[in-house]
Amino acid sequence: MDIKLRHNSKMRLLFGAFLLIALPGLLFILVWPFAGWEVALVLPSVWELLMVYGFFFGWRHIIVRRATCTSSLLPRAFDGYKVLQLSDIHIGTYLRNRSFIDKLVRIVNDQHADLVVFTGDLVNVSAEEVIPFQHALGQIQARDGIFSIMGNHDYCEYIPVKTEHDIEKNQTVLRYLERKIGWRLLLNAHALIRRGNSEIAIIGVENISRPPFQDYGDLKKAMAGLPKGMFKILLSHDPSHWRRGVLHQTDIALTLSGHTHAGQIRVGHWSPSRAAYQEWGGKYIEDGSMLYVSTGIGGTVPFRIGAWPEVNVITLCVASRVS
């Protein structure tokens, strides 16, 4: 068994043991003294059923979420422009479930987006995870192309046995594979999208995070040469970057992030991610700037409850100007 499969098997075993054994046991112990063992069994039993559903079915349930970004900075030529966001595929998790990625590609193409962006974490530990999926990922289509950035996993620093050479080799291979499948990787850089005489900018930064995650991004470098007042879309993997380095500090109208997975568990407006991230899933607007956090497609473990795998479609609209 190679490194990728050993990693996936270990993660699934540990995650499954916690959700199916440790947590139900804790729930039983906490409830038993107050309600008796008969009642104390109900909550863990319901929990077990939900977790089983999440492991066997929940991770397959791809949904499409839609949002609107309205801005006075948007040129009229881009009114109605559709940006489709993918995030956190963690493709090595599906080495034994390759039809899932085929299904994902079909759903993406069915949206007929003008632009597709990927906001990081394509792999779990190794660039080689992408190789079996090159053809499928290469089928994703959009009029103005596919742009991507790197998430913390894409630096391949989580290889169980690693050297500096292994890490650099994996990063080089991953960048090559993204180019090969037709994705344009933005490494602290930007690109312009044109409609007639009008332009908007797509900005991509390398990972900008808080510890324990590494920080490689340079937003100033990525924005170099862009005029103030141009409509700008920023791709930044970690949503905490928005509040720390974008909001009130730049004129970026729309930031697209991922990273949180919503903890892969969501009940209404609650997710365990709320303990770590102020913005962890969905649409946030402040001071004319919008952040959209995708809860992503996958994870190192195929499991989802409530926080279903999601494809995000954001439609750009011109704000009405009051004279």
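Refer to the preceding data block for the structure.
Small disclaimer: the values here were computed from a predicted structure and weren't measured. (Residues numbered from 1 in each chain as written. Predicted model: local features only at pLDDT ≥ 70, side-chain atom pairs only at ≥ 80, totals over all residues. Heavy atoms only, no water.)

### What to know about helix 4 (residues 164–180)
Phase 1 of the analysis: Between its first and last C-alpha atoms helix 4 spans 24 Å; for 17 residues at 1.5 Å apiece the expected length is 24 Å, and the two agree.
Phase 2 of the analysis: Taken together, the buried positions of helix 4 are Ile167, Asn170, Gln171, Leu174, Leu177 and Glu178. Around the axis of helix 4, the buried residues are gathered within 130 degrees of arc, so they sit on the same side. Turned more than 90 degrees from where helix 4 packs its buried face, Glu164, His165, Lys169, Thr172, Arg179 and Lys180 sit exposed. (Helix = DSSP H or I, 4+ residues; strand = E, 2+ residues; numbered from the N terminus. Expected span 1.5 Å × (residues − 1). Buried < 20%, exposed > 50% of the residue type's maximum accessible area, 1.4 Å probe, protein only. Arc of directions from axis to C-beta.)

### Things to note about the pairing of strand 8 (residues 232–235)
Phase 1 of the analysis: By the alternation rule, side chains of strand 8 split into Lys232 and Leu234 and Ile233 and Leu235, which are all buried.
Phase 2 of the analysis: Where strand 7 (residues 198–204) and strand 8 come together, four bridges link them in parallel fashion. Note on strand 8: the bridge partner recorded for isoleucine 203 is leucine 234.
Phase 3 of the analysis: Looking at chain direction, strand 8 and strand 9 (residues 254–257) are connected through three bridges and run parallel. Within strand 9, the residue paired with leucine 235 across the bridge is leucine 256.
Phase 4 of the analysis: A crossover connection joins strand 8 to the parallel strand 9 through helix 6 (residues 240–246); in handedness this β-α-β unit is right-handed. (Pairing = 2+ DSSP bridges. Right-handed = clockwise from strand over helix to strand, strands pointing away.)

### A short note on the sheet that holds strand 7
Phase 1 of the analysis: The six strands lie next to each other as 6-7-8-9-11-10, forming an open sheet whose pairing is mixed. Strands at the two margins of the open sheet, each flanked by one partner only, are strand 6 (189–195) and strand 10 (282–286). Averaged over all adjacent pairs, the angle separating strand axes in this sheet is 20 degrees, with direction ignored. (Axes fitted to C-alpha atoms, helices over the stretch in contact; angles between N-to-C directions.)

### Quick word on the packing of aromatic side chains
Phase 1 of the analysis: Enumeration according to the criterion identifies nine aromatic pairs in this entry.
Phase 2 of the analysis: A ring pair is formed by phenylalanine 78 and tyrosine 81, whose centres lie 5.3 Å apart and whose planes are at 65 degrees; its orientation type is edge-to-face. Across the pair, tyrosine 81 and phenylalanine 78 agree in class, each one buried.
Phase 3 of the analysis: Ring geometry for tyrosine 94 versus phenylalanine 100: centroids 4.5 Å apart, planes at 20 degrees, classification stacked. Both residues of the pair, tyrosine 94 and phenylalanine 100, belong to the buried class.
Phase 4 of the analysis: Every member of this aromatic cluster is reached through a ring pair, and the members are Tyr53, Phe57 and Trp308. (Phe/Tyr/Trp six-rings, centres within 6.5 Å; stacked < 30°, edge-to-face > 60°.)

### Quick look at the nonpolar core
Phase 1 of the analysis: If you look at the biggest cluster of nonpolar residues, it comprises 36 residues, and the most contacted ones within it are Leu86, Ile101, Val116, Leu122, Leu137, Ile140 and Val311.
Phase 2 of the analysis: Secondary-structure elements contributing two or more residues to this core are strand 2 (82–86), helix 2 (99–110), strand 3 (115–118), helix 3 (134–137), helix 4 and strand 12 (310–318).
Phase 3 of the analysis: Broken down by element, the residue count for this core peaks at six residues, all from helix 2.
Phase 4 of the analysis: Not counting chain neighbours up to four residues away, the residues in contact with leucine 86 comprise Leu104, Val108, Val116, Val117, Phe118, Thr119, Ile140, Ile297 and Val311. (Core = buried A, V, L, I, M, F, W, Y, C linked by side-chain atoms within 4.5 Å. Contact = heavy atoms within 4.5 Å.)

### Some details on the pairing of strand 9
Phase 1 of the analysis: Side-chain alternation along strand 9 places Leu254 and Leu256 on one buried face and Thr255 and Ser257 on a second face that is also buried.
Phase 2 of the analysis: Relative to strand 11 (residues 289–293), strand 9 is paired through four bridges, and the arrangement is parallel. From the neighbouring strand, leucine 254 faces strand 11, where its bridge partner is methionine 290.

### Section: the sheet that holds strand 5 (residues 183–185)
Phase 1 of the analysis: The mixed open sheet is built from six strands, whose spatial order is 1-12-2-3-4-5. This sheet does not close on itself; its edge strands, each paired only once, are strand 1 (63–71) and strand 5. Along the sheet, successive strands turn relative to each other by an average axial angle of 25 degrees, direction set aside.
Phase 2 of the analysis: Across four bridges, the pairing between strand 2 and strand 12 is antiparallel. When the sheet's bridge partners are listed, valine 83 is paired in strand 12 with isoleucine 314.

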